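# Analysis of the macromolecular model
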Amino acid sequence: MKEKGRKVKEKVEEKVERRTIAVLVDNESGVLARVIGLFSGRGYNIDSLTVAEVDPKEQLSRITITTSGTPMILEQIKAQLDRLVPIHKVSDLTEGPHVARELALIKVTGTGEQRVESLRIADIFRARVVDSALDSFVFEMTGTTEKLNAFISLMEPLGLADVSRTGVVAIARGAGSL
Amino acid sequence: MASERLNGSQVLLKALVAQGVEVIFGYPGGAVLPIYDELFQQNSLRHILVRQEAGAVHAAEGYARSTGRVGVVLVTSGPGATNVVTGLTDALMDSIPVVCLTGQVPTHLIGNDAFQEADTTGITRPCTKHNYLVKKPGDLARIVHEAFYVAKSGRPGPVVVDLPKDILQDPCPYLPPSRAPHRSYRPRLEGDPERMEQAIDLMLAAKRPVFYCGGGVINSGPKACRLLTRLVRMTGYPCTNTVMGLGCFPASDKQFLGMLGMHGTYEANLAMYHCDVMINIGARFDDRVTGRLSEFSPNSTKIHVDIDPSSINKNVPVDVAIIGDAGRVLRDMIKLWQAKRKQPDGKALKAWWKQIDEWRARDCLSYEYSDEVIKPQYALQRLYALTKGRDVYLTTEVGQHQMWAAQFYKFEEPNRWMTSGGLGTMGYGLPAAMGVQIAHPDALVIDVAGEASILMNIQEMSTIAQYRLPVKVFILNNEYMGMVRQWQEMLYGGRYSESYVDSLPDFVKLAEAFGAVGLRATKPKDVDDVIKEMIDTDRAVIADIVVDKKENCYPMIPAGAAHCEMLLGPEDKAEKPDSEDGMVLV
Ligand SMILES: Cc1ncc(C[n+]2csc(CCOP(=O)(O)OP(=O)(O)O)c2C)c(N)n1
Ligand SMILES: [Mg+2]
């Protein structure tokens, strides 16, 4: 972190928090590079980042970023994002009730008892089998980051071979929109 | 209109004219030949041919800063574009409105490592406020208009428009500037009334207040500077300026404390340290201003007016943040102050001024005069004395001479002082002076320079000759990268590693080689005559002022020290900084 040597009046302020930030942007080339460049250039963390077009008519994309930092840094991140010209809106979803989900594809290889066990656990976690071969499964699973983590770590001793995750997408609860 | 078939270059120039552009600083090359061909065939736009693209951006910055208008640059693809990176970064750091047009290889060749191809939008993304690659003829006019809007609105900054050659040659539709608000970029200009009221209440209750004002006031315009002056005078409070803010409040005013920060005055820095209410208007708590953050103005309530929300709480947490344009906020604050019909605490204020006057009495800018060798401070004092009252603009390079100029030259008005504050770019001053002189042909434009810095863009003397610009270069020649030498003396045991500038040119002959007049002063008694001759010469002049080689710039807050740990002169020894905060600073 680039925070080295930076001292703030109140020590409590130093506490690192995790945030999920939704950003509405023009779907134009370079916009993702602007966002990522902002984070790397200023030494902010990106824990995950997802992006896709959400309004083809208005050509708007939505970026969901999970990040962490002290309250002062988090305020900076939001202000710095808001300053980018093609950004329409920055919203800190963590400030209110929201739903956050991630999707993962998880490949587990093995035969015999291990294979049966992985299937049993997948069933408990409501992971779906989307590909199956004699010696492998690909599970699809949606849930919170924590739930995915838990499932993946259970798969580890059972022949975990490959993981692909989308990163978090999130939306505020209730009727309001971004 | 419909019958008028324009190509991209014609549309570009038409859009520039519609934006009120009169001058372009540029350098041609393959990718922009279509534009140069159109420039040849018109009379509305004046093109100034620089000698290196870096000079074009600094010239545009000087032009912009001395006029309040957008500076325009035109360069070719590849090396033309990479040469402007320093200038763009400089303009970004100092919030200067610049539109830089770069040529690009034809659309179908982009990504092929074509001749003189560079990923210009990629390279300039972090050093511009925004940048564009024009991909379709239909986008060209809109993007050019938008570039000007983005460059000058909100917190100003540099904008790059990358122009593939095919777009410049092919038929292209023209669109006039749009009146519709921008899709996504709408900076907030009006201050929040409640916060402003809060600020005024705090100000009225203050016992030891200080105004701390920066380039934001100047960027807001001369009117904002007048409003600031009014508010400061209405309150009777002291006012200090950042290096970027010099001129936003008249330096001769008795409420002015001088510049603050690393080489600021004793009274300004101590007022910041001891104040109970700080009113920051358009400044950004830069590390050169704050010194050690944990010790920065430890007991004050802080009010911060800034047009850029990301400046708030970036380095220093503040108590009342007002987002808005300095001029509009000042207008409202004056109204609120008057409506309160209250007076500040006269007794407390009197005591505060008494304290400030004691600090002032230390006379922190004093230096030891010598009959034998020219002290750089003396040269600047004489420069000020002999030029004040004239229509004068000052630019500087970077180093000790820059700080001495900031300390000794008094600015009564905004837009008269152009220096590279944020980036500290050696080589800024000469091309900047050139841009200023283009905008103000009859003014006295002086670049206060160091002998090392001036060599960084010395080629622009040729541009100055071509356009017969009477720019004056006032070199404080100490044969050292003085500022580097000073740090080496104070922090690195006097090991002057590579800071001696060997094999310097003879600046008098150099001037002559460029068709300018060369002058030299080696003794204090020569200084006045050289300055007078420089002023009276109606051509470009290089004045080589041979100054004391070992003079240091004081006062100084060593990097990482606090405002109250200022060194006033060589007798104050710099301690090793007691924390890493300072050592990591540059
Ligand atoms: C482009 C660039 N390179 C390096 C520096 C680092 N630097 C800051 S001041 C300075 C010395 C400047 O020397 P000179 O122009 O002679 O000015 P003086 O300090 O002697 O007045 C240097 C090398 C810089 N600011 N800019
Ligand atoms: Mg020097």
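Residues numbered from 1 in each chain as written. Chains lettered and ligands numbered in written order. Predicted model: local features only at pLDDT ≥ 70, side-chain atom pairs only at ≥ 80, totals over all residues. Heavy atoms only, no water.

### Things to note about the interface of chain B and chain A
Heads up, the condition is: Residue contacts follow a heavy-atom distance rule, with two residues in contact if any of their heavy atoms lie within 4.5 Å. Summed over both partners, the accessible surface that disappears when two parts come together, traced with a 1.4 Å probe, is what is meant by buried area. Criterion for a salt bridge: a side-chain nitrogen of Lys or Arg within 4 Å of a carboxyl oxygen of Asp or Glu. Counting of polar contacts relies on pairs of N or O atoms within 3.5 Å, with two restrictions inside protein: one atom must be capable of donating a hydrogen and the other of accepting it, and residues adjacent in sequence are counted only when both atoms are side-chain atoms. Labels follow the DSSP assignment, with helices taken as runs of H or I lasting at least four residues and strands as runs of E lasting at least two, numbered in each case from the N terminus. Charged residues are taken to be Asp, Glu, Lys and Arg, nonpolar residues to be Ala, Val, Leu, Ile, Met, Phe, Trp, Tyr, Cys and Pro, and polar residues to be all remaining types, Gly included.
With 28 residues of chain B at the contact, the number on the chain A side is 25 residues. Across the chain B/chain A interface, buried area totals approximately 2200 Å², and carbon plus sulfur atoms make up 46% of it. Joining chain B to chain A, the criterion identifies three salt bridges. In this structure, the connection of chain B to chain A is made through nine residue pairs in polar contact (both at pLDDT 80 or more). Listing elements by their share of the side of chain B that touches chain A, those giving two or more residues are strand 5 (130-133), helix 7 (140-152) and helix 24 (580-583) of chain B. Looking at the side of chain B that touches chain A residue by residue, the class counts come to eight nonpolar, nine polar and 11 charged.

### Details of the pairing of strand 2 (residues 46-49) of chain B
Residue and element names in this part refer to chain B. Spelled out, the test is: A pair of strands is treated as paired once DSSP finds two or more bridges between them. Here is how to tell: hold the view so the strands point away, follow the path from the first strand over the helix to the second, and if it runs clockwise the crossover is right-handed.
As judged from the four bridges shared by strand 1 (residues 23-26) and strand 2, these two strands associate in the parallel manner. The partner of isoleucine 24 across the bridge, within strand 2, is histidine 47. Chirality of the crossover, the property in question, places the unit of strand 1, helix 2 (residues 33-40) and strand 2 among those that are right-handed.

### A short note on the site of ligand 1
Residue and element names in this part refer to chain B. Selection rule: We define proximity as follows: a residue is near a molecule or strand when any one of its heavy atoms falls within 4 Å of that partner. Where accessible areas are quoted, they stem from the Shrake-Rupley method and a 1.4 Å probe; at the residue level, only the protein chains shown are allowed to cover.
Lining the immediate surroundings of ligand 1 are 17 residues, of which Gln400, His401, Gly424, Ser453 and Gly482 lie closest. At 2.8 Å from an oxygen atom of ligand 1 is found a main-chain nitrogen or oxygen belonging to glutamine 400. One of the backbone N or O atoms of glycine 424 is found 2.8 Å from a nitrogen atom in ligand 1. When isolated, ligand 1 has an accessible area of 580 Å², and the protein chains bury 76% of it. Mapped onto the shell around ligand 1, the elements with two or more residues apiece are helix 17 (400-408), helix 19 (451-454) and helix 21 (482-491). A per-class count over the shell around ligand 1 returns eight nonpolar, eight polar and one charged.

### Some thoughts on the side chain of arginine 19 of chain A
Residues and elements named next belong to chain A. Tracing the chain through its elements places arginine 19 in strand 1 (residues 17-26). Here the side chain of arginine 19 touches aspartate 92 through a polar contact of 2.4 Å, side chain to side chain. Residue contacts for arginine 19: discarding those within four places in its chain leaves Ile65, Thr66, Thr67, Leu74, Lys78, Asp92, Thr94 and Glu95.

### With respect to the domain arrangement of chain A
Residues and elements named next belong to chain A. Rules: Per the annotation, domain bounds derive from an automatic or database assignment of domains.
Segmentation of chain A into domains returns domain 1 (17-96) and domain 2 (99-171). Spacing between the C-alpha centres of domain 1 and domain 2 amounts to 29 Å. At the interface, eight residues of domain 1 touch six residues of domain 2. Where domain 1 meets domain 2, there are zero salt bridges. On the surface where domain 1 and domain 2 come into contact, there are three residue pairs in polar contact (both at pLDDT 80 or more). Sorting the residues of the side of domain 1 that touches domain 2 by element identifies strand 2 (48-55) and strand 3 (60-69) as the ones contributing at least two each. Grouping the amino acids of the side of domain 1 that touches domain 2 by side-chain chemistry returns two nonpolar, five polar and one charged.

### Here we look at the environment of valine 471 of chain B
Residue and element names in this part refer to chain B. Within the fold, valine 471 resides in the loop between helix 20 (460-466) and strand 16 (472-477). In this structure, the C-alpha to C-alpha distance between valine 471 and lysine 152, residues 319 residues apart in sequence, is 27 Å. With near-sequence residues (within four places) excluded, valine 471 lies in contact with Leu430, Ala433, Met434, Gln437, Val445, Ile464, Ala540 and Val541.

### Side note on helix 1 (residues 31-41) of chain A
The line we're drawing: Only protein chains enter the accessibility calculation, which uses a 1.4 Å probe; a residue is then buried when its area is under 20% of its type maximum, exposed when over 50%, and partly exposed in between. Taken from the helix axis, the directions to the C-beta atoms give the arc we talk about.
Here helix 1 of chain A has its buried residues at Val31, Arg34, Val35, Leu38 and Phe39 of chain A. The buried residues of helix 1 of chain A occupy one face: seen down the axis, they fall within an arc of 130 degrees. Across from the buried face of helix 1 of chain A, at angles greater than 90 degrees, the exposed residues are Ser40 and Gly41 of chain A. Each element contacted by the buried residues of helix 1 of chain A is listed here: strand 1, strand 2, strand 3, helix 2 (71-83) and strand 4 (87-92) of chain A together with strand 5 of chain B. Following helix 1 of chain A by one or two positions, glycine 43 of chain A adopts a phi angle in the positive range, close to 75 degrees.

### With respect to the packing of aromatic side chains
Let me state the cut-off plainly: Stacked, edge-to-face and tilted labels apply to pairs of Phe, Tyr and Trp rings (six-membered ring for Trp) whose centres lie within 6.5 Å, assigned for plane angles under 30 degrees, over 60, and everything in between, in that order.
All chains considered together, the criterion is met by 19 aromatic pairs over all chains. Ring plane angle 35 degrees and centroid distance 5.2 Å describe the contact between tyrosine 409 of chain B and phenylalanine 411 of chain B, whose orientation is recorded as tilted. Judged by relative accessible area, which is 5%, tyrosine 409 of chain B ranks as buried. A centroid spacing of 6.0 Å and a plane angle of 70 degrees characterise the contact between tyrosine 480 of chain B and tyrosine 496 of chain B, whose relative ring orientation is edge-to-face. Taken together, the positions of tyrosine 480 of chain B in the loop between strand 16 and helix 21 and tyrosine 496 of chain B in the loop between helix 21 and helix 22 (507-513) put the pair 16 residues apart, joining distant regions of the chain. Clustering of aromatic rings is evident, with ring pairs tying together Phe125, Phe137, Phe139 and Phe151 of chain A.

### Some details on the packing of helix 16 (residues 376-387) of chain B against helix 17 of chain B
Residue and element names in this part refer to chain B. Filter applied, for reference: A fitted line through C-alpha atoms serves as each axis, taken over the contacting stretch for helices, and the angle formed by two N-to-C directions is quoted from 0 to 180°. By definition in this entry, angles of less than 35 degrees are roughly parallel, angles greater than 145 are roughly antiparallel, angles of 65 to 115 are roughly perpendicular, and the rest are oblique. When the near helix sits turned anticlockwise from the far one by under a right angle, the crossing is termed left-handed; a clockwise turn instead gives a right-handed crossing.
Interaxial distance between helix 16 and helix 17 falls to 10 Å at its minimum, and their mutual angle equals 45 degrees. One way to sum up the angle between helix 16 and helix 17 is to call them oblique. In terms of crossing hand, the pair formed by helix 16 and helix 17 is right-handed. Seen from helix 16, the contacting residues are Pro376, Gln377, Leu380, Gln381 and Tyr384; seen from helix 17, they are His401, Trp404, Ala405 and Phe408.

### Things to note about the pairing of strand 3 of chain A
All names here are of chain A. Most of strand 3 sits out of view: 10 of its 10 residues are buried. The alternating pattern of strand 3 places Leu60, Arg62, Thr64, Thr66 and Ser68 on one face and Ser61, Ile63, Ile65, Thr67 and Gly69 on the opposite face, and all of these are buried. Relative to strand 3, strand 2 is paired through seven bridges, and the arrangement is antiparallel. Note on strand 3: the bridge partner recorded for valine 51 is isoleucine 63. Connecting the antiparallel pair strand 2 and strand 3 is a turn made up of four residues, with glutamine 59 showing a positive phi of about 55 degrees.

### Brief notes about the coordination of the magnesium ion (ligand 2)
Residue and element names in this part refer to chain B. The condition is simple: Distances decide who is a donor: an N, O or S atom must be within 2.8 Å of the metal, or within 3.2 Å for Na, K and Ca. Water is not included, so sites may look incomplete. Sites are called tetrahedral only when four donors show all angles between 85 and 135 degrees, square planar or octahedral only when four or six donors show opposite pairs over 155 degrees and all other angles between 65 and 115, and irregular in any remaining case.
Looking at the metal site, the magnesium ion (ligand 2) is ligated by Glu451 (OE), Glu451 (OE), Asn478 (OD1) and Tyr480 (O), spaced 2.0 to 2.5 Å from it. Relative to the metal, the six donor atoms surrounding the magnesium ion (ligand 2) lie at angles of 53 to 174 degrees, and the coordination shape comes out irregular. Counting gaps between the donor residues of the magnesium ion (ligand 2) yields the pattern E-x26-N-x1-Y. With glutamate 451 in helix 19 and asparagine 478 in the loop between strand 16 and helix 21, this pair connects stretches of sequence that are 27 residues apart. In this pair, the class of glutamate 451 matches that of asparagine 478, namely buried.

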